[in-house]
Amino acid sequence: MAYTFAQYQESADYIREKIGGFIPKVAMVLGSGLGFLGDAVENPTAIPYGEIPHFKASTAPGHKGRLVFGSLAGRPVAVMQGRMHHYEGYGYDQVSYAVRVLRLLGCDALIVTNAAGCVRTDWQAGDLMLITDQIKLFSESPLRGENLPEFGVRFPDASHLYTPRLQKIARDTAADMFITLREGVYFYCYGPQYETPAEVRAVRLLGGDAVGMSTAPEVIAAGHCGMEVLGFTLLSNMAAGILDQPLSEKEVLDAAEAAKDKFSRLVLGCLRKL
Ligand code: HPA
């Protein structure tokens, strides 16, 4: 099922009514561990996803499932506290639905954060990575189906999905804060099972530095409708097979908790400059 432009407009109209004249400029999709930033929004208006026409609920652990509008680091933001994932049973058009609605509401930039497995053996769990590009080869596009020209062209360029200007802001901000920031390619796997060691070796051969189950669909949709994108990955664990130990969700959530100060300082520092 694909959405019509009228459906996106209906969602946007519903939200507009709730937020009065407020116009968000930066959309933020907060993944595992950073959801708490949604609670730091000043003068917030929070709207549960379930209330908004055509929105889907987020069922992943640690994901609250609401949109928070207000001011963060001095910028007018729309924070998605919790995202939709394909592995929850949603189609990619559903996973990326909110991004387009936030575009209609006025957002021209998107900050995405996630936790992912570290594919590089010369990096460590707990490191932060600036996403410079992504690979989503083995699953369909969120843009599949009839193109909605109100958002963008049928065959959008994807050479710079992660905006070079924003990447520079991230590098400079990390350097100013003495935060080590890795840079690399996010490789999307749809999960929900973690990868096999053989898959991780394949990801490495194919050019991935981090492997995770989110982000790539939303970023394709954001690029299509002309949004600038800045993406960060918390490398929450070494990817499968690198260490001789099983992966668990607890490891991911513990790492997210341990990194949340550093991660949130960096993200807020960048946001301030957007
Ligand atoms: N693989 C996929 N997704 C993840 C991982 C991983 O190792 N860690 C956190 N999210």
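Provided above is the structure to which this section pertains.
Residues numbered from 1 in each chain as written. Predicted model: local features only at pLDDT ≥ 70, side-chain atom pairs only at ≥ 80, totals over all residues. Heavy atoms only, no water.

Visitor: Would you mind going over the overall build of the protein chain in detail, with residue names and values included?
Guide: Helices and strands together make up the secondary structure of the protein chain, namely seven helices and nine strands. For 274 residues, the compact-globule formula gives about 19 Å, and the C-alpha radius of gyration of the protein chain, at 17 Å, lands near that figure. Scored against the burial criterion, the 274 residues of the protein chain give a buried share of 55%. For the protein chain, the proportion of contacts with a sequence separation of at least 24, taken over those separated by at least 6, is 84%. Of the side-chain charges in the protein chain, 26 are positive and 30 negative, and the distance between the mean point of each set is 3 Å. (Helix = DSSP H or I, 4+ residues; strand = E, 2+ residues; numbered from the N terminus. Rg over C-alpha atoms; globule rule 2.2 N^0.38 Å. Buried < 20%, exposed > 50% of the residue type's maximum accessible area, 1.4 Å probe, protein only. Contact = heavy atoms within 4.5 Å. Lys, Arg positive; Asp, Glu negative; His and termini not counted. Charge placed at Lys NZ, Arg CZ, Asp CG, Glu CD.)

Visitor: I'd like to hear about helix 1 (residues 5-19), residue by residue, with values.
Guide: With 15 residues, helix 1 ought to run about 21 Å at 1.5 Å a step, and its terminal C-alpha atoms sit 21 Å apart, in line with that. The set of residues buried in helix 1 consists of Phe5, Gln7, Tyr8, Ser11, Ala12, Ile15 and Ile19. Down the axis, helix 1 shows its buried residues gathered within 170 degrees of arc, on one side only. Buried residues along helix 1 sit against strand 2 (42-48), strand 3 (66-72) and helix 3 (97-105). (Expected span 1.5 Å × (residues − 1). Arc of directions from axis to C-beta.)

Visitor: Give a detailed account of the packing of aromatic side chains, specifying residues and quantitative values.
Guide: On inspection of all chains with the given rule, the structure shows ten aromatic pairs. Ring centres of Tyr8 and Phe151 lie 5.0 Å apart, and the angle between their planes is 75 degrees; this geometry places the pair in the edge-to-face category. Placement of the pair is Tyr8 in helix 1 and Phe151 in the loop between strand 6 (128-135) and helix 4 (164-176), with a sequence separation of 143 residues. A residue is classified by how much of its surface remains accessible, and Tyr8, at 2% relative accessible area, is buried. A centroid spacing of 6.5 Å and a plane angle of 45 degrees characterise the contact between Phe138 and Phe187, whose relative ring orientation is tilted. (Phe/Tyr/Trp six-rings, centres within 6.5 Å; stacked < 30°, edge-to-face > 60°.)

Visitor: Which residues make up helix 7 (residues 249-273), and what values go with them?
Guide: In this model helix 7 runs 33 Å from its N-terminal to its C-terminal C-alpha over 25 residues, within 8% of the 36 Å that 1.5 Å per residue would give. Along helix 7, the sharpest kink reaches roughly 60 degrees, centred on Lys260. Those residues of helix 7 lying buried are Val252, Ala255, Ala256, Ala259, Phe263, Ser264, Leu266, Val267, Leu268, Gly269, Cys270 and Leu271. (Bend = angle between axes of the 7 residues up to and from the residue.)

Visitor: I'd love a proper account of the nonpolar core, names of residues and values included.
Guide: Within the largest apolar cluster, 51 residues are counted, with the highest numbers of intra-cluster contacts made by Ile15, Leu67, Phe69, Leu102 and Leu110. Among the elements that line this core, the one with the most residues is helix 3, at six residues. Contacts of Ile15, omitting those with residues within four sequence positions, involve Ile47, Ile52, Leu67, Phe69, Val101 and Leu105. If you look at the next biggest cluster of nonpolar residues, it comprises 33 residues, including Leu72, Leu128, Cys270 and Leu274. (Core = buried A, V, L, I, M, F, W, Y, C linked by side-chain atoms within 4.5 Å.)

Visitor: Go over the state of the cysteines with me, naming the residues and quoting the values.
Guide: Disulfide: a covalent bond connecting the sulfur atoms of a pair of cysteines. Tallied over the entire structure, the rule returns zero disulfides. Here Cys118 is not cross-linked by a disulfide; its sulfur's nearest cysteine counterpart is in Cys189, at 14 Å. Its relative accessible area of 0% is what places Cys118 among the buried residues. (Disulfide = S-S within 2.5 Å.)

Visitor: Tell me what's going on with the packing of helix 1 against helix 3, and back it up with residues and numbers.
Guide: Between helix 1 and helix 3, whose axes approach to 9 Å, the crossing angle comes to 65 degrees. The handedness of the crossing between helix 1 and helix 3 is right-handed. The residues of helix 3 that touch helix 1, namely those facing Phe5, Gln7, Tyr8, Gln9, Ser11, Ala12, Ile15 and Arg16, are Tyr97, Arg100, Val101, Leu104 and Leu105. Looking at the contact of helix 1 with helix 3 residue by residue, the classes come out as eight nonpolar, three polar and two charged. (Axes fitted to C-alpha atoms, helices over the stretch in contact; angles between N-to-C directions. Left-handed = near helix turned anticlockwise from the far one by under 90°. Nonpolar A, V, L, I, M, F, W, Y, C, P; charged D, E, K, R; others polar.)

Visitor: Which residues make up the pairing of strand 4 (residues 75-81), and what values go with them?
Guide: Of all seven residues that make up strand 4, six are buried, and the element is covered over most of its length. With five bridges connecting them, strand 1 (residues 26-30) and strand 4 associate as parallel partners. The residue of strand 4 that forms the bridge with Met28 is Val79. (Pairing = 2+ DSSP bridges.)

Visitor: So what about the site of the ligand? Which residues, and what values?
Guide: Every residue close to the ligand is listed here: Ala115, Ala116, Gly117, Tyr194, Glu195, Val211, Gly212, Met213, Ser236, Asn237, Leu247 and Val252. Residue Glu195 places a side-chain N or O atom 2.8 Å away from a nitrogen atom belonging to the ligand. In this structure, Asn237 approaches the ligand through a side-chain N or O atom, which is 2.7 Å from a nitrogen atom. Expressed as a share of its isolated accessible area of 260 Å², the protein-covered part of the ligand is 95%. Going through the elements one at a time, strand 5 (109-118), strand 8 (210-212) and strand 9 (228-238) are the ones with two or more residues in the shell around the ligand. The greatest single-element share of the shell around the ligand, amounting to three residues, is contributed by strand 5. Here the shell around the ligand is composed, by residue class, of seven nonpolar, four polar and one charged. (Near = heavy atom within 4 Å. Polar contact = N/O pair within 3.5 Å; in protein donor to acceptor, adjacent residues only side chain to side chain. Areas by Shrake-Rupley, 256 points an atom, 1.4 Å probe, with all protein chains shown as cover.)

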